[in-house]
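# Examination of the molecular architecture
For reference, the chains in residue letters:
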Number of protein chains: 2
Amino acid sequence: MSPRHTDTRQRALDVALELFTEQGYEKTSLREIADRLGIKKASLYYHFPSKEALLAGIMDNLLAPVDELVAWSQTQPRTAETRQEVVRRIAAAVRGPWSRWFQFAQANEPTLRDHQKEGEQMRGRLLGLFTAVVDPDAEPRQQVRSLLALVAVHLGTLAPVTGVLPTFGITAPSEEFRAAAMDVAQELVKDG
Amino acid sequence: MSPRHTDTRQRALDVALELFTEQGYEKTSLREIADRLGIKKASLYYHFPSKEALLAGIMDNLLAPVDELVAWSQTQPRTAETRQEVVRRIAAAVRGPWSRWFQFAQANEPTLRDHQKEGEQMRGRLLGLFTAVVDPDAEPRQQVRSLLALVAVHLGTLAPVTGVLPTFGITAPSEEFRAAAMDVAQELVKDG
DNA sequence: GTCTATAAGTAGATAGAC
DNA sequence: GTCTATCTACTTATAGAC
């Protein structure tokens, strides 16, 4: 066997992730993906048996790093300090390796509701993140606050990137907004 | 002319709203809508010139009540008290007349990004709500807090309805959770 | 107002040559 | 691994009878 096989498979995953995120899974045709790769649509079927297999491949790549953080959090005690550290790590990850995950999930919410397997994978990891931060025995008040802390992180990191800040009527510089969001998140995750 | 024309048009709007919300705009075919109405697909074209016209009709019905609240808020001073009252009114409206709006918008995020006109309508009303609560001259910290207040309302009213609370690892009774969310929202919207 | 029939196009998927 | 060619099953949309 050659030192490595062709990279068409990986390139297909990259292109598909990009298009699924931009346009959604349903609206992206295999022809479109093949065109970008410079191959014919039928040739895609050599690498993936179906469109759904392409989706599954993307998910595997996307969700692996999430599992690491959740696993780590489960070794920690359920304290405000742990929640703060988890929020810090999520905030860091979201700026880097996970950034595409949220965008992809958001753009394909209806699709993931239908494709049972993939939808449950997605929800499973989200649940993992939530339970890493939400104490099931805490007061509802604190549970709401913890959930909102994750939303604040989401807001702080994604909103500047997608350029929707003006849509919210906000004019602050991105970096300042992001810092403020992190600040509020840390506060929310404390007991109160 | 008869005292009123047939109600097929309005029934079509109702059915379409329901299906678009459940399955998304793209995945709902005109045949499906027609089937539920007990007519043939082609007959739908008598009432609406295109699928997109159906979407537009739904939007008009959905967005009218939002405008009222935004208009009212613009007559008020930009104080923490006003923000609290706006949040109260949004919370009340979301439980009733607007409940379908959020579900519809969330289920059709990708679609609304493509259909320029409808997407901008939707974003316009959202911006209206945001600016009713976010003071453009406030600190980024307070802006984040105000945004999260709206999210808290969203969480408190929608989450119990859709039954996703367990997905968040939360076991509290719906009503208790909703009350806690409103509580946190009111707190976030204060100066701090 | 509703029907049948059908146009015109695109989707995902398969067979088999090279 | 990639190609050409083709299939079936849709989709939105139109024309014209009743």
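Look a little higher up for the structure.
The structure presented is a predicted model; accordingly, all values stated were derived computationally and were not measured. (Residues numbered from 1 in each chain as written. Chains lettered and ligands numbered in written order. Predicted model: local features only at pLDDT ≥ 70, side-chain atom pairs only at ≥ 80, totals over all residues. Heavy atoms only, no water.)

### Side note on the nonpolar core
Soluble, globular proteins show a tendency: their nonpolar side chains are buried together. In plain terms, the rule: We define a nonpolar core as any set of buried Ala, Val, Leu, Ile, Met, Phe, Trp, Tyr and Cys residues linked to one another through side-chain atoms lying within 4.5 Å. Classification of residues uses two cut-offs on accessible area relative to the type maximum, computed with a 1.4 Å probe and protein chains only: under 20% is buried, over 50% is exposed, and between them is partly exposed. Contacts between residues were defined by any pair of non-hydrogen atoms, one from each residue, lying within 4.5 Å.
If you look at the biggest cluster of nonpolar residues, it comprises 122 residues, and the most contacted ones within it are A:Ile33, A:Trp98, B:Ile33 and B:Trp98. Ignoring any residue separated from it by four or fewer positions in sequence, one finds A:Ile33 in contact with A:Val15, A:Ala16, A:Leu19, A:Phe20, A:Thr28, A:Leu44 and A:Leu54.

### Observations regarding the pattern of salt bridges
Selection rule: What counts as a salt bridge is simple: a side-chain nitrogen of Lys or Arg found within 4 Å of a carboxyl oxygen of Asp or Glu. We count a stretch as a helix when DSSP gives it H or I for four or more residues in a row; a strand needs E for two or more, and each element gets its number in order from the N terminus.
One pass over the structure, following the stated rule, counts 30 salt bridges over all chains. For A:Asp191, the salt bridge identified is with A:Arg83, shortest N-O distance 3.0 Å. Here A:Arg83 lies in helix H5 (residues 80-95) and A:Asp191 lies in the segment after helix H10 (174-189), a separation of 108 residues in the sequence. Residue A:Asp191 is classed as exposed on the basis of its relative accessible area of 60%. For A:Arg83, a relative accessible area of 7% gives the class buried. Salt-bridge contacts for B:Arg141 lead to A:Asp183; the nearest nitrogen and oxygen are separated by 2.6 Å. Taken together, the residues B:Arg141 in helix H9 (residues 140-162) and A:Asp183 in helix H10 connect one chain to another. Given a relative accessible area of 40%, A:Asp183 falls into the partly exposed group.

### A look at H10(A)
Threshold: To estimate the expected span of a helix, count its residues, drop one, and scale the result by 1.5 Å.
Between its first and last C-alpha, H10(A) extends 23 Å over 16 residues, near the 22 Å set by a 1.5 Å rise per residue. Looking only at H10(A), the buried set comprises A:Phe177, A:Arg178, A:Ala180, A:Ala181, A:Met182, A:Val184, A:Ala185, A:Gln186, A:Leu188 and A:Val189. In the core, the buried residues of H10(A) are packed alongside H5 and helix H9 (140-162) of chain A together with H9 and helix H10 (174-189) of chain B.

### A look at the relation of the copies chain B and chain A
For the record, the criterion: Here the copies are matched by least squares. The fit uses the C-alpha atoms of residues with pLDDT of at least 70 in both.
Superposition record for chain B on chain A: RMSD 0.1 Å, screw rotation 180°, translation along axis 0.0 Å. Look at the turn and shift together and you get a two-fold axis relating the two. Nearest to the rotation axis, the C-alpha of B:Leu148 is located 3.4 Å from it, this being the minimum over chain B. In this assembly, 100% of the residues forming the interface of chain B have copies in chain A that are likewise at the interface, indicating an isologous arrangement.

### With respect to the interface of chain B and chain A
Often, the extent of an interface is quoted as the loss of accessible area on bringing the components together. Stated formally: Note: buried area is the sum, over both parts, of the accessible area (probe 1.4 Å) each one loses when the two are combined. For this classification, Asp, Glu, Lys and Arg are treated as charged, while Ala, Val, Leu, Ile, Met, Phe, Trp, Tyr, Cys and Pro are nonpolar and the rest, including Gly, are polar.
Taken together, the contact pairs 41 residues of chain B with 41 residues of chain A. Carbon and sulfur atoms make up 65% of the surface buried where chain B meets chain A, a total of about 3,600 Å² over both sides. Counting across the interface, chain B meets chain A through 10 salt bridges. Between A:Arg145 and B:Glu187 there is a salt bridge, with its nearest N and O atoms 3.3 Å apart. Ranked by the residues each element gives to the side of chain B that touches chain A, the list is headed by H9(B), at 10 residues. Within the side of chain B that touches chain A, the residues separate by chemical class into 22 nonpolar, 8 polar and 11 charged.

### Quick word on the environment of A:Gly57
Assignment of secondary structure puts A:Gly57 in helix H4 (residues 51-73). Taking C-alpha positions, A:Gly57 is 31 Å from A:Ser146, a pair spaced 89 residues apart along the chain.

### Some points on the packing of aromatic side chains
Residues and elements named next belong to chain A. Put simply, the rule is: Only Phe, Tyr and Trp rings are paired, with Trp represented by its six-membered ring, and only when their centres lie within 6.5 Å; those with planes under 30 degrees apart are stacked, over 60 edge-to-face, the remainder tilted. For a ring to carry a charge above it, either NZ of a lysine or CZ of an arginine must fall within 6 Å of the ring centroid while also lying within 35 degrees of the normal to the ring plane.
Within this structure, the stated rule accounts for 5 aromatic pairs over all chains. Look at Trp-98 and Trp-101: their rings are 5.9 Å apart centre to centre, the planes differ by 80°, and that puts the pair in the edge-to-face class. Trp-101 shares its class with Trp-98; the two are buried. Taken together, the ring pairs connect Trp-98, Trp-101 and Phe-102 into an aromatic cluster. Its guanidinium or amino end placed over the ring of Trp-72, Arg-89 lies 3.7 Å from that ring's centre, counting from NZ or CZ.

### Remarks on helix H2 (residues 30-37) of chain B
All names here are of chain B. Test applied: Arc definition: directions from the helix axis to the C-beta atoms.
All of the buried residues in H2 are Leu-30, Ile-33, Ala-34 and Leu-37. Projected down its long axis, H2 shows its buried positions confined to an angular sector of 95°, all on one face. Residues of H2 that are buried in the fold lie against helix H1 (8-23), helix H3 (41-47) and helix H4 (51-73). Among the residues trailing H2, Gly-38 stands out with phi positive, at a value near 75°.

### Digging into the side chain of B:Arg178
All names here are of chain B. Spelled out, the test is: What qualifies as a polar contact is a pair of N or O atoms within 3.5 Å, subject to a donor-acceptor requirement within protein and to the restriction that residues adjacent in sequence count only when both atoms come from side chains.
As for its position among the elements, Arg-178 is in helix H10. Looking at Arg-178, its side chain comes within polar contact range of the side chain of Glu-175, at 3.0 Å. Arg-178 has contacts with Arg-95, Gly-156 and Thr-157, leaving out every residue within four places of it along the chain.

### Focus: the side chain of A:Gln142
All names here are of chain A. Note on placement: Gln-142 falls in helix H9. Residue Gln-142 is classed as buried on the basis of its relative accessible area of 7%. If we skip the residues at most four places from it in the chain, Gln-142 touches Arg-83, Leu-188, Val-189, Lys-190, Asp-191 and Gly-192.

### A short note on the environment of A:Leu147
Within the fold, A:Leu147 resides in helix H9. With a relative accessible area of 2%, A:Leu147 lands in the buried category. Among residues more than four places away in sequence, those in contact with A:Leu147 are A:Phe130, A:Val134, B:Leu155, B:Phe168, B:Ile170 and B:Phe177.

### Some words on the packing of helix H1 (residues 8-23) of chain A against H4(A)
All names here are of chain A. Worth spelling out the cut-off: Axis geometry follows a simple rule: fit a line to the C-alpha atoms, using only the stretch in contact for helices, then measure angles between N-to-C directions, giving values from 0 to 180 degrees. Roughly parallel means an angle under 35 degrees; roughly antiparallel, over 145; roughly perpendicular, 65 to 115; everything else is oblique.
For the pair H1 and H4, interaxial distance at closest approach is 10 Å and the crossing angle is 90°. Taken together, H1 and H4 sit at an angle that is classed as roughly perpendicular. Two secondary-structure elements touch here, H1 through Gln-10, Leu-13, Ala-16, Leu-17 and Phe-20 and H4 through Lys-51, Leu-54, Leu-55, Gly-57, Ile-58, Asn-61 and Leu-62. Here the residues of the contact of H1 with H4 are counted per class, giving 8 nonpolar, 3 polar and 1 charged.

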